[in-house]
Amino acid sequence: NRDVARGGRGIYILPWMTVSTPRAGFRVPDHPRTSTHEQSGRSCELTAPPDHRIDSFRKANPLYDRRLPVLARLTGDAAPQSVAIDVGANVGDTIALCRLEGSALRFIAVEASLQYVKYLAFNRRRASELFGEVELAWNFVGRPGASTTLVVVDGTGGRVEAQAEALNFESAAHATLEDIGRTHGVETGRLSLVKLDTDGFDYEILSNELDFLKDAAPILWAEAETWSAGDEAAWRRLLVEATDTWPYLIAFDNQGFAMVAGETAEKRQTVVDMMSYARRHRAMPKATFGPRPIYYLDVA
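The rules behind the values
- Per chain, the residues get numbers from 1 upward, laid out in the order the sequence is written.
- Per-residue local features of the predicted model are confined to residues with pLDDT of at least 70, and side-chain atom pairs are confined, for both listing and counting, to 80 or more; whole-chain, interface and lining totals are unaffected and use all residues.
- Hydrogens are left out, water is left out, and the side-chain values use all remaining heavy atoms of the structure.
- DSSP calls a pair of strands paired once it identifies at least 2 bridges connecting them.
- Runs of H or I in DSSP of at least four residues are treated as helices and runs of E of at least two as strands, each being numbered from the N terminus.
- To define axes, lines are fitted to C-alpha atoms, for helices over the stretch in contact only, and angles between the resulting N-to-C directions are given on a 0 to 180 degree scale.
- Only heavy atoms enter the contact rule, under which two residues are in contact if any of them lie within 4.5 Å.
- Any angle between 65 and 115 degrees counts as roughly perpendicular, while under 35 counts as roughly parallel, over 145 as roughly antiparallel, and the rest as oblique.
- What makes a crossing left-handed is the near helix being turned counterclockwise from the far one by less than a right angle; a clockwise turn instead makes it right-handed.
- Only Asp, Glu, Lys and Arg are considered charged in this grouping, and only Ala, Val, Leu, Ile, Met, Phe, Trp, Tyr, Cys and Pro are considered nonpolar; every other residue, Gly among them, is considered polar.

Asks: Which residues make up the sheet that holds strand β4 (residues 106–111), and what are the values?
Replies: With mixed pairing, the eight strands of this open sheet are ordered in space as β5-β4-β3-β9-β10-β13-β11-β12. One side of each edge strand has no neighbouring strand; the edge strands of this open sheet are β5 (134–138) and β12 (258–263). Between one strand axis and the next, the sheet turns through 15 degrees on average, direction left out of account. Of the strand pairs in this sheet, strand β3 (residues 83–87) and strand β9 (residues 191–196) are connected by five bridges, and their pairing is parallel. From the neighbouring strand, A84 faces β9, where its bridge partner is L193. Across the face of the sheet, helix α4 (residues 93–101) comes into contact with β3, β4, β5 and β9 while running at roughly 165 degrees to β4.

Asks: Before we move on, can you summarise the environment of L297 with the specific residues and values?
Replies: For L297, the position within the fold is in strand β13 (residues 297–299). Sequence separation of L297 and D253 is 44 residues, and the distance between their C-alpha atoms is 4.6 Å. Beyond its immediate sequence surroundings of up to four residues, L297 is in contact with A222, E223, A224, A251, F252, D253, V271, M274 and M275.

Asks: Describe the packing of helix α3 (residues 67–78) against α4, and please don't skip the residues or the numbers.
Replies: Taken N-terminus to C-terminus, the directions of α3 and α4 make an angle of 55 degrees; their axes are 8 Å apart at the nearest point. For the element pair α3 / α4, the angle class is oblique. Helix-helix and strand crossings are classified by hand; for α3 and α4 the assignment is right-handed. The residues of α4 that touch α3, namely those facing L68, P69, V70, A72 and R73, are T94, L97, C98 and E101. Here the contact of α3 with α4 is built from residues that sort into six nonpolar, one polar and two charged.

Structural data, given as structure tokens:
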């Protein structure tokens with residue numbers, strides 16, 4: 001802002017995109033791009049930061065992000081007038097794909113990055129026919145007392161443990177899924193789907209929210225990106241504790257291929273072993289394993 005003022009220029013912000021906040025360090029990117037997203041023969045255009053390339057990744061990997069929209073449609077058909085919470089909603093691409101697939105769920109889009117919240121608000125206004133019944137929550141969902149600072153780069157935001165002053169660092173108020181559901185008027189028994197994509201902290205959120213989630217018993221869809229054997233041990237404990245409430249699971253690799261499916265009690269160790277494999281795979285030189293590495297799993 002100071003640089004703009006020194007140059008004698010003015011700043012103009014669309015009134016409905018104005019967010020009043022005392023936090024410093026928010027970076028408004030230049031040159032946003034328009035991305036095209038297709039699902040089940042329908043398509044839409046979304047506005048995204050210049051480094052947001054999910055549309056290109058889907059073109060290179062035809063199964064990527066195809067399963068969750070179908071699951072959202074089936075869930076909405078089975079539980080009419082129920083609610084889905086999308087934690088890590090980014091610019092709204094997942095919700096848009098679910099709508100293109102025909103999902104009628106009421107979505108609450110939770111995003112910790114103010115940058116992405118503004119893009120999400122813009123896309124909601126731009127494509128109101130897709131984003132009807134979508135409510136925004138600018139919140140950090142994670143372990144109480146953990147750092148709520150995240151770094152925004154390459155089309156996603158990741159949590160960092162230390163506070164820092166830099167243009168691409170942001171912070172948001174902490175909230176639990178139960179808090180968010182209560183704030184947005186989610187009635188008991190109406191939460192049918194929770195999707196998590198928080199770049200390696202999904203198991204932490206699920207563990208912290210496990211009592212609430214067991215009581216609500218929605219379908220869960222979480223990204224399992226592990227960085228150590230300790231992370232995989234945490235996932236193993238979580239899957240053991242979750243078995244009674246969620247007796248079945250299915251896991252996909254980051255290309256969208258179904259890798260493991262069946263009863264949770266029988267398949268949970270296989271899923272954890274695959275997480276470990278993906279972690280080791282990610283550390284290897286690309287020339288070793290070719291163009292389709294497995295980096296993480298999506299577990300439902």
